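Survey of secondary and tertiary structure
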Amino acid sequence: MSKEINRAKLHEIAIQLMYSFLMLEETNNPINFENAISNACDAPYEECDIYLKETLLNSLKHQNEIITCVSKYLKNWEFHRLNLVIQAIFIVSVAEYYFVEEKVDKAIIINNAVKFAKKFGDGGEKDYKYVNAILQSCLKDGTRELLFDNAN
């Protein structure tokens, strides 16, 4: 890749791509993973940042597990009823915390998620506060394993 992309920008690209993947899923259209990443980075896929590829691959691979995890903390609401931007933020943030090999601190992930909820969400202040509250519950300190057993 001719230009380095900083981690915050990579996180933003991951959320934007996850949003587009969710839209494609809703319309039963196929996802061209490599092409999407290549276009977003304006570089051949092989030259794109491994962190971005790993985050998105794990977001897709573990999407159902992540939705189950997040859904435990949605009070009187269902994940599929959230707007797609907020869904994408949750999926990427949880995937980044639990499934990406290069570990990122919980506070940084939540801070980025809140920033993008403010930037891209359509619910104003309540979107970013909601994202903050749910991720505070969903991202468990001291463990890197999704905690499904706590729901029982």
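Because the structure is a prediction, the values reported are computed rather than measured.

1. Topic: the nonpolar core
With 52 residues, the main nonpolar core has Ile37, Leu56, Val70, Ile89 and Phe90 as its most contacted residues. Looking at this core, the elements that each hand over two or more residues are helix H1 (7–26), helix H2 (33–41), helix H3 (50–61), helix H4 (63–71), helix H5 (84–98), helix H6 (106–120) and helix H7 (125–138). Here this core gets 12 residues from one element, more than from any other, and that element is H5. If sequence neighbours within four positions are ignored, Leu56 has contacts with Ala14, Leu17, Met18, Phe21, Phe33 and Ile37.

2. Some details on the environment of Ser71
If you trace the backbone, Ser71 turns up in helix H4. Distance in space between the C-alpha atoms of Ser71 and Cys138 is 9.3 Å, their sequence separation being 67 residues.

3. Here we look at the environment of Ala133
Topologically, Ala133 is positioned in helix H7. Judged by relative accessible area, which is 43%, Ala133 ranks as partly exposed. A C-alpha to C-alpha distance of 9.3 Å links Ala133 and Ile110, two positions 23 residues apart in sequence.

4. As for the packing of H1 against H2
Orientation of H1 relative to H2, taken along the N-to-C sense of each, is 140 degrees, at an axis distance of 11 Å. On the basis of the axis angle, H1 is oblique to H2. In terms of crossing hand, the pair formed by H1 and H2 is right-handed. The residues of H2 that touch H1, namely those facing Ile13, Leu17 and Phe21, are Phe33, Ala36, Ile37 and Ala40. Tallied by class, residues from the contact of H1 with H2 come to 7 nonpolar, no polar and no charged.

5. Section: the packing of H4 against H5
Orientation of H4 relative to H5, taken along the N-to-C sense of each, is 100 degrees, at an axis distance of 10 Å. Considered as vectors, H4 and H5 are oriented roughly perpendicular to each other. Seen from H4, the contacting residues are Gln63, Ile66, Ile67 and Val70; seen from H5, they are Phe90, Ile91, Val94 and Ala95. Across the contact of H4 with H5, the residue classes break down as 7 nonpolar, 1 polar and no charged.

6. Re the confidence of the model for the protein chain
One rule of thumb: low pLDDT means the predicted coordinates there are not for detailed reading. Here the protein chain averages 87 in pLDDT, and 88% of its residues register 70 or above. In this model, residues 148–152 is a region of pLDDT below 50 whose contacts with residues beyond four sequence positions or in other chains number 5 contacts.

7. Quick word on the side chain of Gln87
For Gln87, the location among the structural elements is in helix H5. Note on Gln87: relative accessible area 7%, which makes it buried. Apart from residues no more than four positions distant in its own chain, Gln87 is found in contact with Leu22, Phe79, His80 and Leu82.

Parameters at a glance
- Residues numbered from 1 in each chain as written.
- Predicted model: local features only at pLDDT ≥ 70, side-chain atom pairs only at ≥ 80, totals over all residues.
- Heavy atoms only, no water.
- Core = buried A, V, L, I, M, F, W, Y, C linked by side-chain atoms within 4.5 Å.
- Buried < 20%, exposed > 50% of the residue type's maximum accessible area, 1.4 Å probe, protein only.
- Helix = DSSP H or I, 4+ residues; strand = E, 2+ residues; numbered from the N terminus.
- Contact = heavy atoms within 4.5 Å.
- Axes fitted to C-alpha atoms, helices over the stretch in contact; angles between N-to-C directions.
- Parallel < 35°, antiparallel > 145°, perpendicular 65-115°, else oblique.
- Left-handed = near helix turned anticlockwise from the far one by under 90°.
- Nonpolar A, V, L, I, M, F, W, Y, C, P; charged D, E, K, R; others polar.
- pLDDT = per-residue confidence, 0-100.

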